[in-house]
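Examining the three-dimensional arrangement
Okay, here's what each chain looks like letter by letter:
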Amino acid sequence: MIQINFRKLLPFLTPIIFLYIIISLGWKTSINTFINVVILIGMMLILSFFHFFILFEKKLDKGYKSMIFLSFFVFIPSLLFSMGKIFFYSYEKITDVRGVLLTSLTIYILIRITYFMRKIYVKINNPIFIFITSFVFLSFLGSLFLMLPSSTVKKISFIDALFTSTSAVCVTGLGVLDTSKDFTYLGKVIILTLIELGGLGILTVTSFFSYFFRDGFSFREGVYISNFLNTKTTNNVLFLAVKVVLLTLIVEMVGALLIYLSIKNERNIIEFDSPLFFSIFHSISAFCNGGFSTLNKGLYSESVRFNYLFQFIIACLLILGGIGFNILFNFFTYIWLTLKKYFYKIFKDEYFRCPVHIFTLNTKIVLFTTFSLLFFGTIFYYISEYHYSLSEHSSIFGKCIISFFSSATSRTAGFQVLNMEKWSPLTILFTIFLMWIGASPASTGGGIKTSTFALALMNIISLSIGKDRLEIQKKEISSKSVRLAFAIIILSLIIIYISIFIILFLDPKKDILSISFEAFSAFSTVGLSLGITPNLSNGSKLVLITLMLLGRIGVFNIMIGLLKRNRINSSYYYQYPQGNILIN
């Protein structure tokens, strides 16, 4: 009797299912809905059958068995829901069934990718290389999805699809197409998915699923994930990834609810989208610092231009997403311990002793730099644009909210709330400066980062007063951190300068200020534009695509990935005498 090895057949089914998902999404109008649902249910039944028998096989490692169990757990509710809809309701509800089945199969593909990524961790000794390839791969995959016939209103070129996909994955917001007019509902969903995956990072998402495999994780996998999440320890790093994903989802859900409530009076003029989708899209885009909007003119559209509550909510989401997950967790720990202290004091009449240093030095530096930039940025926009782009806002309160929003979005997201055609050169130059600084480390934003700028500035002050080391709040900052800060600054300026030079060569008719603004915006993954992006040549668009990837991944990370070797360098065993070089 011939025995069927379901475990060996399963890997061949996965790419077939993936291809059919693409066909079902991209050419949905060409396939009969009922036939499509029958095929999807058939696939689900076959997969459930395979997974059921694999679960009872012997000699399965824990990771593989957990992956099979998770997949089977995803299939059963979807099948029961689909069968119930078909047999107990009218066939008019069959579209809902199709959506549920496609979602379940997509989650299954993601679970399989997670398991595959864990296998790659074991074989590749370079975590930075995996980090780089994950963003590049996601950008190209996204461009293929955006080129599907059902994703766009009319056919788009590969360069435009790649540009949009990279902009979404790198949470930039620069666009060569109009998101509201050129993309269908499916296209917007794909862009939103790319923003979410790009903001969190595909390593964080796969680590989230890995946590439920329940077979632990290797030290190498812990190093990779801690590298991306910017934490020094590998202890409980998978749990940290889970916390990052859950915190993101909670903040985005709360943000979507608040946005929905803030636009309740404008529901009839939110152009083409339902209020619920509009709220979800902008909540995710804001927290991930994506800068994409489903409105024709972005947040400068008349429907939300004077909705100051809506703009304040978006600004708060931008700040939360750009301040860094480590800072948010540190802040929540402080709130929790403070509440615990007062609880013990009031209800138990006991003294609860909090740790001496709840806020880390990193948290203090990031918070101080962030709020200083927000405060002075708000004042600058208020003064510089009072008689220009702010003149259409009649109230002082409106001018203050818009100035605050502009200060926040210029460093991280790129949502447009002012008429940038009216901006003075002084405002443009100041915005370039804010874009260059960017958000904070381990956040969804880009730029050289607030801590890098703060360390460099404080080191200059320290050298000016004659100190040979950098000390902050009775702590000495390591020379490695200072050197890294200056290396990042110099590298960013070199990369941006070269990019401006190339774009000027390819598009000589564009003025240098607009090109510079575009280059800084792309590298810092901000997304603000003076309007020249759609009119650039394909070569210039490729330069901006490269800049967005370099800015999101980090130039220094790429250099480490290419140049660093995972072995002890011979320089660890000796030290040359110091040599002095004349400077200034």
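Scroll up for the structure.
Residues numbered from 1 in each chain as written. Predicted model: local features only at pLDDT ≥ 70, side-chain atom pairs only at ≥ 80, totals over all residues. Heavy atoms only, no water.

The number of helices and strands found in the chain is 22 helices and two strands. Here the chain holds 584 residues, and 54% of them are scored as buried. Partitioning the contacts of the chain with sequence separation of at least 6, the portion at a separation of at least 24 is 73%. (Helix = DSSP H or I, 4+ residues; strand = E, 2+ residues; numbered from the N terminus. Buried < 20%, exposed > 50% of the residue type's maximum accessible area, 1.4 Å probe, protein only. Contact = heavy atoms within 4.5 Å.)

A positive phi is found at K449, a non-glycine position, where the angle reads about 90 degrees. With respect to the element layout, K449 can be found in the loop between α17 (425-437) and α18 (450-464). Classification of K449 as buried rests on a relative accessible area of 16%. A positive phi angle, near 50 degrees, is found at Q473, a position not held by glycine. Position of Q473 relative to the elements: it lies in the loop between β1 (471-472) and β2 (475-476). A residue is classified by how much of its surface remains accessible, and Q473, at 53% relative accessible area, is exposed.

Our next topic: the packing of aromatic side chains. Scanning the model with the defined rule gives 22 aromatic pairs in all. Pairing Y308 with F397 gives two aromatic rings, centres 6.2 Å apart and planes at 90 degrees, and the pair type is edge-to-face. Remark: F397 occurs in helix α16 (residues 396-409) and Y308 occurs in helix α13 (residues 308-322); sequence separation between them is 89 residues. For Y308, a relative accessible area of 16% translates into the label buried. (Phe/Tyr/Trp six-rings, centres within 6.5 Å; stacked < 30°, edge-to-face > 60°.)

Counted at 1.5 Å a residue, the expected span for helix α19 (residues 479-506) with its 28 residues is 40 Å, and the 41 Å between its end C-alpha atoms agrees. Buried within α19 we find V482, A485, I489, L491, S492, I495, I496, S499, I500 and I503. (Expected span 1.5 Å × (residues − 1).)

So, about the packing of helix α15 (residues 361-384) against α17. The contact between α15 and α17 brings their axes to 11 Å, and the two run at 165 degrees. As far as their axial angle goes, α17 and α15 are roughly antiparallel. Two packed elements cross with a definite hand, and for α15 against α17 that hand is left-handed. On α17, the residues that touch L373, G377, F380, Y381 and S384 of α15 are L426, T427, F430, T431, L434 and I437. (Axes fitted to C-alpha atoms, helices over the stretch in contact; angles between N-to-C directions. Parallel < 35°, antiparallel > 145°, perpendicular 65-115°, else oblique. Left-handed = near helix turned anticlockwise from the far one by under 90°.)

Moving on, we come to a nonpolar patch on the surface. A contiguous nonpolar patch, built from L246, L249, I250, M253, V254, L257, L258 and L261 and spanning about 730 Å² of accessible area, is present on the exposed surface. In this structure, L246 sits in helix α11 (residues 237-262). (Patch = residues over 30% accessible without salt bridge, like charges linked within 9 Å, V, L, I, M, F, W, Y side chains within 5 Å. Areas by Shrake-Rupley, 256 points an atom, 1.4 Å probe, with all protein chains shown as cover. Salt bridge = Lys/Arg side-chain N within 4 Å of Asp/Glu carboxyl O.)

Another point: the side chain of S440. Its location among the elements puts S440 in the loop between α17 and α18. Given a relative accessible area of 1%, S440 falls into the buried group.

It is worth spelling out the environment of V245 at this point. With respect to the helices and strands, the residue V245 is situated in helix α11. Owing to a relative accessible area of 6%, V245 belongs among the buried residues under this scheme. It is 7.3 Å that separates the C-alpha atoms of V245 and L200, two residues lying 45 residues apart in sequence.

Another point: the pattern of salt bridges. Taken as a whole and assessed by the stated rule, the structure comprises six salt bridges. E392 is the partner of R305 in a salt bridge, and the nearest nitrogen-oxygen pair spans 3.1 Å. You can see R305 sitting in the loop between α12 (275-287) and α13 and its partner E392 sitting in the loop between α15 and α16, a full 87 residues away along the chain. Under the relative-accessibility criterion, R305 is labelled buried at 10%. Given the relative accessible area of 27%, E392 is considered partly exposed. A salt bridge links R469 to D468, with the nearest nitrogen and oxygen atoms 3.6 Å apart. In this structure R469 comes out as partly exposed when scored by relative accessible area, which is 41%. The class for D468 is exposed, based on a relative accessible area of 68%.

As a further point, take the side chain of S143. Its place among the elements puts S143 in helix α5 (residues 127-146). Every residue in contact with S143, bar those within four places of it in the chain, is listed here: F158, A161, L162 and S165.

A few words now on the nonpolar core. L299 and I314 are the most contacted members of the largest nonpolar core, which has 142 residues in total. Excluding residues within four positions of it along the chain, I314 makes contact with I259, H282, A286, L299, F405 and F415. Residues L361, A454, L455 and A485 belong to the second largest nonpolar core, which totals nine residues. (Core = buried A, V, L, I, M, F, W, Y, C linked by side-chain atoms within 4.5 Å.)

Let us look at the packing of α19 against helix α20 (residues 512-523). Running from N to C, α19 and α20 point in directions that differ by 135 degrees, and their axes come no closer than 9 Å. Here α19 is positioned oblique relative to α20, judged by the angle of their axes. Between α19 and α20 the crossing geometry is right-handed. Of the residues in α20, those touching α19 at S492, I495, I496, I500, I503 and L504 are I512, I515, S516, A519, F520 and F523.

The terminal C-alpha atoms of α13, which comprises 15 residues, lie 21 Å apart, in line with the 21 Å expected from a rise of 1.5 Å per residue. With eleven of 15 residues buried, α13 lies mostly within the body of the structure. Within α13 the residues assigned to the buried category are Y308, F310, Q311, I313, I314, A315, L317, L318, I319, G321 and G322. Phi turns positive, to about 105 degrees, at G324, one or two residues after α13.

Moving on, we come to the environment of F135. When you line up the elements, F135 lands in helix α5. In this structure the C-alpha to C-alpha distance between F135 and C170, which are 35 residues apart in sequence, comes to 7.8 Å.

Attention now moves to the environment of L504. Residue placement: L504 occurs in helix α19. C-alpha of L504 to C-alpha of S516: the two residues are twelve residues apart in sequence and 9.5 Å apart in space. With sequence-adjacent residues up to four places away left out, L504 is seen in contact with K510, I512 and I515.

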